[in-house]
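# Report on the structure
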Amino acid sequence: MESQAGVALVAKAFQILDLFQASSPTWSQAEIIRKTDLNRSTVNRLVRFLAGRGYLVQISYSGRYSLGLSAIELGNRANAGFDLRANCQAAMEELSAKVNETVVLSAFDPLKMIAVCIDQVESRKEGLRVFEKVGSSFPLHAGAAPKAILAFLSEDAREEFLQNQLKRFTANTLTSKKEMRQDIEETRQRGYALSKEETYEGTVGIAAPIFGPLGTAIGSLAVALPVHRATPEALTTIAQQVLCEARSVSESLTGAVE
């Protein structure tokens, strides 16, 4: 019973910490109580505990709380020790062997709201092949890999991004807010994103999101292929394989088991 109570208390502490996001960096105790439905004494006790260990800090002029230096240091240590490329290497190799097309791994940059290609396994097929330069980036509305990320961000983050002017890269790039919202909905229903010549002419992409511990996309796993090989049957088969590998990576990162 003591062990169960301790685990429940830890869960409540993380429930409070998870409130502190880039879109809502400060909270009052009253707001924390309303948002979490925890009772006042529990919130008061946990906030004082977290503040005492530097994970929260009270802002003197407002009385509100923000993440403290201990939380920032923990995040920095996590970033230093987390290598998305290394965590996805086996899945990329397996996917490449199954589809024999170029496999692309992209990471989400939340500050610039872009998808950055951080690794690829090139197709070994003879004839026309698709390549993506490692380090290249696209905004979240252009191409399968970025759109797979955008569709599985929080609703607030998606809407904030859609307030920007959407740059056109080819004649097929989606630049209408209405078109993008429809595409996002279709992507969320399917579980993966599709693009046809949205960033490069002659190229088709299929991408599925990679989820982090908070349940939103931190990257995507994609297959890129020439448009003449992108038959409906091929796309259906590839999409299921991309989904399978992306889900496997997400489960390993989050500890989730279906």
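Notes on the structure follow.

Rules used in this analysis
- Residue positions are counted from 1 within each chain, in the order its sequence is given.
- Only residues with pLDDT of at least 70 are given local features in this predicted model, and only at 80 or more are side-chain atom pairs given and counted; all residues enter the totals for whole chains, interfaces and linings.
- As a convention, hydrogens and water are excluded, and side-chain values are obtained from all of the structure's heavy atoms.
- Summary of the burial criterion: residues with accessible area below 20% of their type's maximum are buried, those above 50% are exposed, and those between are partly exposed, where the area comes from a 1.4 Å probe applied to protein chains only.
- Only DSSP runs of H or I covering at least 4 residues are called helices, and only runs of E covering at least 2 are called strands; the numbering of each starts at the N terminus.
- In this description, strands pair whenever DSSP reports at least two bridges between them.
- Buried and open spaces are told apart on a 1 Å grid over the protein atoms alone, a cavity being a set of points where a 1.4 Å probe fits but cannot get out and a pocket being an open set with protein on both sides within 12 Å along at least five of seven lines. Residues with an atom within 4 Å of a point are the lining residues.
- Grid points are joined across faces, edges and corners, and a volume is the space filled by probe spheres set on the points.
- Just so you know the grouping, Ala, Val, Leu, Ile, Met, Phe, Trp, Tyr, Cys and Pro go in nonpolar, Asp, Glu, Lys and Arg go in charged, and all remaining residues, Gly too, go in polar.
- Expected span of a helix: the number of residues minus one, times 1.5 Å.
- Axes are fitted to the seven residues ending at a residue and to the seven starting at it; the angle between these axes is taken as the bend at that residue.
- Here, residues are in contact when the closest pair of their heavy atoms is within 4.5 Å.
- Lines fitted to C-alpha atoms define the axes, with helix axes restricted to the stretch in contact, and inter-axis angles between N-to-C directions lie between 0 and 180 degrees.
- Reported orientations rely on four angle classes, namely roughly parallel under 35 degrees, roughly antiparallel over 145, roughly perpendicular from 65 to 115, and oblique for the rest.
- Crossing chirality is assigned from the near helix's rotation relative to the far helix, an anticlockwise turn below a right angle marking it left-handed and a clockwise turn marking it right-handed.
- Think of a salt bridge as a Lys or Arg side-chain nitrogen and an Asp or Glu carboxyl oxygen that are within 4 Å of each other.

Within strand β7 (residues 203-211), eight of the nine residues are buried, which leaves it mostly tucked inside the rest of the structure. Looking at chain direction, strand β6 (residues 193-196) and β7 are connected through four bridges and run antiparallel. Looking at the pairing, Leu194 lines up with Ile206 of β7. Pairing of β7 with strand β8 (residues 217-226), which is carried by nine bridges, proceeds in the antiparallel orientation. Across the sheet, residue Ile206 finds its bridge partner in β8, namely Val223. Between the end of β7 and the start of β8, which pair antiparallel, lie five residues, with Gly215 showing a positive phi angle near 85°.

Take the layout of surface pockets next. Considering only enclosed or pocket space, the largest pocket measures out at about 2,100 Å³ in volume. Phe20, Gln21, Ala22, Pro110 and Leu214 are, among the 42 residues lining the largest pocket, the residues nearest its centre. For the lining of the largest pocket, the element with the highest residue contribution is helix α4 (residues 69-81), accounting for seven residues. When the residues that make up the lining of the largest pocket are grouped by side-chain class, the tally is 29 nonpolar, 10 polar and three charged.

What follows concerns helix α5 (residues 84-99). Given a rise of 1.5 Å per residue, 16 residues ought to cover 22 Å, and the 22 Å separating the end C-alpha atoms of α5 matches this to within 8%. A maximum bend of about 35° is found in α5 at Ala90. Within the sequence span of α5, burial applies to Leu84, Cys88, Ala91, Met92, Leu95, Ser96 and Val99. Of the surrounding secondary structure, the elements contacted by the buried residues of α5 are β3 (102-109), β4 (114-121), β7, β8 and α9 (232-254).

Per the counting criterion, the structure on display carries one cavity of 30 Å³ or more. Within this model, the largest cavity holds a volume of roughly 290 Å³. Along the wall of the largest cavity there are 29 residues; nearest its centre are Glu132, Ala144, Ala145, Pro146 and Thr199. Taken together, the elements giving at least two residues each to the lining of the largest cavity come down to β3, β4, β5 (137-139), α6 (144-150), β7 and β8.

Positive phi outside glycine occurs at Met113, with the angle close to 55°. At Glu197, a residue that is not glycine, the phi angle is positive and equals roughly 55°. By the secondary structure assignment, Glu197 is in the loop between β6 and β7.

This part is about the packing of helix α2 (residues 29-36) against helix α3 (residues 40-52). One way to put it is that α2 packs onto α3 with a least axis distance of 10 Å and a crossing angle of 120°. Taken together, the axis directions place α2 and α3 in an arrangement best described as oblique. Remark: the crossing between α2 and α3 carries right-handed chirality. Of the residues in α3, those in contact with Gln29, Ile32, Ile33 and Thr36 of α2 are Arg40, Val43, Asn44 and Val47.

Next up on the list: the sheet that holds β5. Taking strand neighbours across the sheet as the criterion, the six strands line up as β5-β4-β3-β8-β7-β6 in an open arrangement whose pairing is antiparallel. Of all the strands in the sheet, just β5 and β6 have a single pairing partner and so form its edges. Strand-to-strand twist of the sheet, defined as the mean angle between neighbouring strand axes without regard to direction, takes the value 30°. Its contacts with the sheet place α9 against β7 and β8, and it is angled at close to 25° to β7.

Before going further, it helps to examine the pattern of salt bridges. Tallied over the full model, the rule gives eight salt bridges. Between Arg229 and Glu101 there is a salt bridge, with its nearest N and O atoms 2.8 Å apart. Placement of Arg229 in the loop between β8 and α9 and of Glu101 in the loop between α5 and β3 is noted, with a sequence separation of 128 residues between them. The class for Arg229 is buried, based on a relative accessible area of 17%. You can call Glu101 buried: its relative accessible area is 3%. Salt-bridge contacts for Arg181 lead to Glu159; the nearest nitrogen and oxygen are separated by 2.9 Å. One end of the pair, Arg181, is in helix α8 (residues 177-190); the other, Glu159, is in helix α7 (residues 155-162), and 22 residues separate them in sequence. Counted as one network, the salt bridges with shared partners bring together Glu94, Lys98 and Glu245.

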